[in-house]
Amino acid sequence: MSSTEVLTATAADRPQVVSALVAAFADDPVLRHLFPDPQDYPRFAAVFFGNLFDKRVGLGTVWTIGPGASTAVWQPPSGGDPASTDLLETHLPADALARTRAYDDAVRAALPAEPFWYLGVLGTRPDSVGRGLGRAVMAAGLRRAAADGLPAILETSNPANVEFYRRAGWQVVRQIDEPLPIWVMRQ
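The following paragraphs examine the structure supplied in this document. (Residues numbered from 1 in each chain as written. Predicted model: local features only at pLDDT ≥ 70, side-chain atom pairs only at ≥ 80, totals over all residues. Heavy atoms only, no water.)

## Some details on the overall build of the protein chain
Then, in step 1: Tallying secondary structure elements over the protein chain gives 7 helices and 7 strands in all.
Then, in step 2: Taken from N to C terminus, the helices and strands of the protein chain fall in the order β-α-α-α-β-β-α-α-β-α-β-α-β-β.
Then, in step 3: For 187 residues, the compact-globule estimate of 2.2 N^0.38 gives 16 Å, and the protein chain sits close to it at 15 Å.
Then, in step 4: Taken over 187 residues, the protein chain has a buried fraction of 47%.
Then, in step 5: Counting contacts in the protein chain only where the partners sit at least 6 residues apart, residues at least 24 apart contribute 71% of the total.
Then, in step 6: Just so you have it, the protein chain exposes about 8,600 Å², and 53% of that area is on carbon and sulfur atoms.
Then, in step 7: Of the side-chain charges in the protein chain, 17 are positive and 20 negative, and the distance between the mean point of each set is 5 Å. (Helix = DSSP H or I, 4+ residues; strand = E, 2+ residues; numbered from the N terminus. Rg over C-alpha atoms; globule rule 2.2 N^0.38 Å. Buried < 20%, exposed > 50% of the residue type's maximum accessible area, 1.4 Å probe, protein only. Contact = heavy atoms within 4.5 Å. Areas by Shrake-Rupley, 256 points an atom, 1.4 Å probe, with all protein chains shown as cover. Lys, Arg positive; Asp, Glu negative; His and termini not counted. Charge placed at Lys NZ, Arg CZ, Asp CG, Glu CD.)

Here it is as structure tokens:
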């Protein structure tokens, strides 16, 4: 396998993918809002990303290089609630769970009513940034959305990400101010 081959993640990839996402999002505004204590961040972020991974890996909508050098976690239109918090309820303290729910509620209210593919997570391990890996794993989900004739939607609270996604063909379709600035984008 080449170092840039995009593969559908399997359950066996979970440790590498989750660890890489925890590192990739260490300074992300959303994750720092959800888990502001630097000592708790690694543990709670691992629960957060593990929950998302577990819900999507069986759908075949987690694409990775490495595994974990870069990963895209997509929610298909028929895959259930993108903001579901089952595992989070048993592994996060009440304050972190409340922040997670408030963020999810704000995002959910801004999403379109019609079916779409949702890019929930796109993360590249810090030592792999700048090599085009994020675009490569993102493209797998974009191809699925295009094959289904559906739009792709994402949200970000990182202003630098807005520019990254614009260069990749995404457009801002909505902005939310609370609980923190959130840009909803569509392709």
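Next comes the rest of the description.
## A word on the environment of Phe164
Then, in step 1: For Phe164, the location among the structural elements is in helix H7 (residues 159–167).
Then, in step 2: Looking at Phe164, the relative accessible area reads 23%, which means it is partly exposed.
Then, in step 3: Placed 137 residues apart in sequence, Phe164 and Asp27 show a C-alpha to C-alpha distance of 16 Å.
Then, in step 4: Those residues in contact with Phe164 that lie beyond four places of it in its chain are Leu122, Arg135 and Met138.

## Examining the sheet that holds strand E5 (residues 152–156)
Then, in step 1: Strand order in this open sheet of 7 strands is E1-E2-E3-E4-E5-E7-E6, and the pairing throughout is mixed. The strands lining the two open edges of the sheet, one partner per strand, are strand E1 (7–8) and strand E6 (171–176).
Then, in step 2: Where strand E2 (residues 62–65) and strand E3 (residues 70–75) come together, 4 bridges link them in antiparallel fashion. Across the sheet, residue Thr64 finds its bridge partner in E3, namely Thr71. (Pairing = 2+ DSSP bridges.)

## A few points about the pairing of E5
Then, in step 1: With 5 of its 5 residues buried, E5 lies for the most part within the structure.
Then, in step 2: Burial of E5 is two-sided: the residues Ala152, Leu154 and Thr156 facing one way and the residues Ile153 and Glu155 facing the other way are all buried.
Then, in step 3: In this sheet, E5 lies alongside strand E4 (residues 117–124) in parallel orientation, the contact comprising 3 bridges. Directly across from Trp117, in E5, lies its bridge partner Ala152.

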